[in-house]
Each structure stands twice: as C-alpha cells, then as structure tokens.
Amino acid sequence: MNLSAASERWSSRTTFVLVLAMATVGLGNIWRFAWLMGEHGGAPFVLSYVCCLFAVGVPLLSAEIVIGTHGRGSPLSSMRWMINSAGRSRLWMVIPLLTCIAAFLLLVVCIVIGGWCLVYAFHQQLGSFAAMPAQDVAAFFVEQLEAPSALIGGQAVLAAAVAVLGVLGLRRGLGVYAWVALPMVVWLLGVLVRYALDFGDLEAAGRYLFARQPLDFDGGSFLAALGHALFTLSVGVAVGMSFGAYAPRKLPVLRSVIAVALFDLVVAVAAGVALYPLLAAANLEPAREFTLLFIAAPYAYGAMPFGDVYGALFFTVALLLVLGSAAGLLEPVLGVMAQQFRIRRGVSAVFLGASAWAVSCFATLGLVEQGALLRRINEWTGQLLIPLAMFLLAVFVAWRLPRRLLRRELAREPDALFAVWYFLLRFVAVPVVGAAWLWLYLVPQTQ
C-alpha cells in the first residue's frame, strides 16, 4: 500500500467527482463531438453514444477505479496488489504498463493543443481575427506553424502549469484546481451558449446537429460513438487507477462515475450549441479538430459583434479543460516514478513536465511536414495502446477477479446496481471492446 496515498486522500465524494470530471471532460467534447453528431446522423449517433457511454464507458472506468481503491498505490502497485489478492498471473501487469505509456503520449498532445489555445486566446482578445477573411485566418495558422516560437512558448507555459499542479499534489493541486476551474467552465459555457443563441444561426445548426438522418448512420458511426465515449472518459490511460488510490473510503464508485458521465454529456452538447450556430451564421462548413479550433472558430468569432471578447472566452474554456486533462494524465506516470523508482514527487513532476514539453516541441516542428510525430502519437494511442489496454482491463476485472472481491470494493452500491455493472462489464464491455479492437485492424485489410 502507498502511504502517500493515505495522507493525500480526498476527504469527500464531491471533490473526487469534481477532480474526475475535470480530468476526463477534455477537449474532445469541444472539437470533435458536435462534428461527429452532424456527420453520423444526428439523433441516431447521440443515442448510440449515450448507450456506449453508460453501457461500456462507465463500467470500464469504474473497473479502473476499483483497482485503484483496492491497491491504494501507483497503477503498477495497485495492479500488483490486485493480482496477488486474486492469485492471478503477473502477465496481467502489462495493463498498467500500456496505460502509463498511453497517458504520457496523450499528455504530449494536450500540451501541444493547450499551448496553442493559450496563444489563440491572446490573439483573439487583441482582435487579431476581427473581420479577417477565412483564407487569412488559415494563412495565420500556417504562419504560426512555419515560425512556431509563439506556439512553443505557449506549450512551455502549459507544461509548467501541469508540473506545478503535479508538485502541489492531488489535494492542493488538481483538487483545488477542479473546485475553481470546473464551475468557471460551466459558467463560461453558459455565457457562450447565450451568445451563440443571440448571434448565431440556431436553425441551421439544429438541422446539422440534431436532425434524424438514419442513412448517415452505419457501422462506422457506431464505432465512432464507442470510440468517443471511451476517449472522453479517459478509459485506458490509468487515470481511474490513480484517482481510485486517493478516493475516500466507502466511496460509491458506480454512482460517482455515472455523475461524471452525465456531466460529460451535458458539456459535450453545450459545447456544440455554443459554437456551431456561429459557424452556420458565418457560412462555414462544419469542421473538426485542428481546422475547427484554429481556423473555423477564430474566423466565426472574428466575424461577430464583440467576437474578440467571446472568442477569447471560448479558448479560455478549451484551455481550462486541456489543463485539467493534462494534469490528470500526468498522475499515473508520476505515481510510478514516485513509488517504483523512489523519486520525489516534485522532482518527478518537473522532469515529466519538461520531457513532455520537449516531445511536444518536436511534434509542433514536425507539423510543417504534415504532422508526422503528432499523427504517429495519435495512431499509437488510438489504434494500439488504449484499445488493447481497455480490452485486457475488461477481461481481467470481469473474468479473472473473484466476484466477492469486487463486491467488497463496491460495498456502498446497492445489490441491483452492482449486478447491472457486473453484467455490463462481462457481457457487453468485453465483447464490444474486443470486436472494436479487431475491427481497427481487420477492416482496413479487407477494404
């Protein structure tokens, strides 16, 4: 058992839920979810997403947390403790290894995107994009990539902020940050939604986001819904294991994770309503990810009244969410370094922050050559490390751990809720995640 976990343990369920929400409700809900809704049939996609979120994502994240609450240490220590308690093979230790590698790689991506959001928030409040043609906004983005000193500087600031949160510890760092930042995100999203309703084309955005288009929904759409449901809850990157180690005793794990999933869903829909009416009013085609965040959004806000102020608020929301996700992703690797290698937490946090920033610099420089490193990181995490880790995690918890051990860790949950969770984990999460992982490799080979 990790004694530092006992000394840093959160005292309340509310803090645990806020921190878990801050670490999981990340950038994907702003730059990807609404686009997926529009491109994959609207209502059918949302229905599939909700089913995947609660039937697969919630059981898997809860399973991660259970390992953490049982082991009360780093992901490696918690998994080792669970393996020993159940009398299983040490080969299952591959799960935390995969998840910690994926967590560090995604931390690099967060530092890249968060640093850019900081730069764009600064330019947006200066009015740099006011009445600027769309092609000039795109040219500005290209100029930033070709001379990336400002972007790299923004990444340094974000990496330093992540390191500081790591040095402060979970209670004084991410715990305090969640109490401050999450209400701010909710309030700012409300302001942005009101602004979009006042100045955007709500009717056109509604047709794109919420219209029922069954012909646009297919097998690939379901897999997109599944992938986003798992990605948005940060399943497969050991965040659940790390936070479970610091969770208060007798935590109602399942109900806490359900609350986080509901909040995630609300934020995802609100983010789409806050931005897509402005894109429609600016006569922009729906976009995703980099194009949405760094070309379409600046142009849309720049074309609207008071767009410099509200555009800066939009990038502030993105920045707050990315910083929370990055701090959460730091924790699994930080725990391993502190416990397995006996390196002090402060030294580990500074080293990991600096290392992630260095890799993020190479990723930014490589974007001039079609984003080679960043694209590879996304492939390694999204197509190999995370799907494999999620599948192994589901099999291990559902089929290799004694039911009585799991029931003891979830003692605060009603029998009926535990039975539903156990059934979903065994007979829904395992086959669905396994089939999705196989599809990633088999379908491209048969096309």
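Described below are features of the structure shown in this document. What you are looking at is a predicted structure, and each value in this text was computed from that prediction instead of being measured. (Residues numbered from 1 in each chain as written. Predicted model: local features only at pLDDT ≥ 70, side-chain atom pairs only at ≥ 80, totals over all residues. Heavy atoms only, no water.)

1. Considering the overall build of the chain
In step 1: On a plain count of helices and strands, the chain comes out with 19 helices and 0 strands.
In step 2: For 447 residues, the compact-globule estimate of 2.2 N^0.38 gives 22 Å, and the chain sits close to it at 21 Å.
In step 3: Summarising its shape, the C-alpha atoms of the chain cover approximately 65 × 50 × 45 Å along the three principal directions.
In step 4: Looking at the chain as a whole, 59% of its 447 residues are labelled buried. (Helix = DSSP H or I, 4+ residues; strand = E, 2+ residues; numbered from the N terminus. Rg over C-alpha atoms; globule rule 2.2 N^0.38 Å. Buried < 20%, exposed > 50% of the residue type's maximum accessible area, 1.4 Å probe, protein only.)

2. Observations concerning helix 16 (residues 345-366)
In step 1: In this model helix 16 runs 31 Å from its N-terminal to its C-terminal C-alpha over 22 residues, within 8% of the 32 Å that 1.5 Å per residue would give.
In step 2: Where helix 16 is buried, its residues contact helix 7 (94-126), helix 9 (149-199), helix 15 (307-340) and helix 17 (372-400). (Expected span 1.5 Å × (residues − 1). Contact = heavy atoms within 4.5 Å.)

3. What about unusual backbone geometry?
In step 1: For Asn283, which is not a glycine, the phi torsion comes out positive at approximately 60 degrees.
In step 2: Position of Asn283 among the secondary structure elements: in the loop between helix 13 (253-281) and helix 14 (289-302).
In step 3: With a phi angle near 55 degrees, Arg342 is a residue other than glycine that sits in the positive phi range.
In step 4: Note that Arg342 resides in the loop between helix 15 and helix 16.

4. What to know about helix 5 (residues 43-71)
At 3.6 residues per turn, the α-helix brings residues three or four places apart onto the same side.
In step 1: Spanning 29 residues, helix 5 covers 41 Å between terminal C-alpha atoms, matching the ideal 42 Å at 1.5 Å per step.
In step 2: Helix geometry: helix 5 is bent most strongly at Leu53, by close to 35 degrees.
In step 3: Burial within helix 5 is extensive, with 22 of its 29 residues counted as buried.
In step 4: Of the residues flanking the end of helix 5, it is Arg72, one or two places downstream, whose phi is positive at about 50 degrees. (Bend = angle between axes of the 7 residues up to and from the residue.)

5. What to know about the environment of Cys117
In step 1: For Cys117, the position within the fold is in helix 7.
In step 2: In this structure, the C-alpha to C-alpha distance between Cys117 and Trp399, residues 282 residues apart in sequence, is 43 Å.
In step 3: With sequence-adjacent residues up to four places away left out, Cys117 is seen in contact with Leu293, Phe294, Phe315, Ala318 and Leu319.

6. Comments concerning a nonpolar patch on the surface
In step 1: Nonpolar side chains collect at one region of the surface, where Val176, Trp179, Val180 and Met184 lie side by side and expose about 370 Å² of accessible area between them.
In step 2: Its location among the elements puts Met184 in helix 9. (Patch = residues over 30% accessible without salt bridge, like charges linked within 9 Å, V, L, I, M, F, W, Y side chains within 5 Å. Areas by Shrake-Rupley, 256 points an atom, 1.4 Å probe, with all protein chains shown as cover. Salt bridge = Lys/Arg side-chain N within 4 Å of Asp/Glu carboxyl O.)

7. As for the pattern of salt bridges
In step 1: Under the definition given, this model contains 6 salt bridges.
In step 2: Among the ionic pairs, Arg407 bridges to Asp415, the shortest N-O distance being 2.6 Å.

8. Comments concerning the nonpolar core
In step 1: By size, the foremost hydrophobic cluster in this structure holds 175 residues, and its most contacted members are Leu60, Phe243, Tyr276, Leu293, Phe396, Val397 and Trp421.
In step 2: Per-element tally for this core: the top contributor is helix 7, with 20 residues.
In step 3: Setting aside its immediate chain neighbours within four residues, Phe396 contacts Ile67, Met79, Met82, Ile83, Arg88, Trp92, Ile95 and Leu401. (Core = buried A, V, L, I, M, F, W, Y, C linked by side-chain atoms within 4.5 Å.)

9. Focus on the side chain of Asn29
In step 1: Tracing the backbone shows Asn29 in helix 3 (residues 28-31).
In step 2: The class for Asn29 is buried, based on a relative accessible area of 0%.
In step 3: At 3.3 Å, the side chain of Asn29 forms a polar contact with the side chain of His228.
In step 4: A polar side-chain atom of Asn29 sits 3.3 Å from a polar atom in the side chain of Thr232.
In step 5: If we skip the residues at most four places from it in the chain, Asn29 touches Tyr49, His228, Thr232, Asp264, Val267, Ala268 and Ala271. (Polar contact = N/O pair within 3.5 Å; in protein donor to acceptor, adjacent residues only side chain to side chain.)

10. Looking at the packing of aromatic side chains
In step 1: Throughout the structure, instances matching the rule amount to 26 aromatic pairs.
In step 2: Ring geometry for Phe33 and Phe45: centres 6.1 Å apart, planes at 50 degrees, overall tilted. Pair noted here: Phe33 is in helix 4 (residues 33-39) and Phe45 is in helix 5, with a separation of 12 residues, a long-range link.
In step 3: A residue is classified by how much of its surface remains accessible, and Phe33, at 0% relative accessible area, is buried. (Phe/Tyr/Trp six-rings, centres within 6.5 Å; stacked < 30°, edge-to-face > 60°.)

11. Some words on the environment of Val167
In step 1: Among the secondary structure elements, Val167 is positioned in helix 9.
In step 2: Remark: the alpha-carbon pair of Val167 and Leu334, spanning 167 residues in sequence, is separated by 9.8 Å.

12. Structural notes on the packing of helix 9 against helix 13
Helix-helix packing is described using two parameters, namely the angle between the two axes and the distance between the axes.
In step 1: Following both chains from N to C, one finds helix 9 and helix 13 inclined at 35 degrees, their axes separated by 9 Å at the closest point. Between helix 9 and helix 13 lies a crossing whose hand is left-handed. On helix 13, the residues that touch Leu182, Val186, Leu189, Leu192, Val193, Tyr195, Ala196, Leu197 and Phe199 of helix 9 are Phe263, Val267, Ala270, Ala271, Val273, Ala274, Pro277, Leu278 and Ala281.
In step 2: Here the residues of the contact of helix 9 with helix 13 sort into 18 nonpolar, no polar and no charged. (Axes fitted to C-alpha atoms, helices over the stretch in contact; angles between N-to-C directions. Left-handed = near helix turned anticlockwise from the far one by under 90°. Nonpolar A, V, L, I, M, F, W, Y, C, P; charged D, E, K, R; others polar.)

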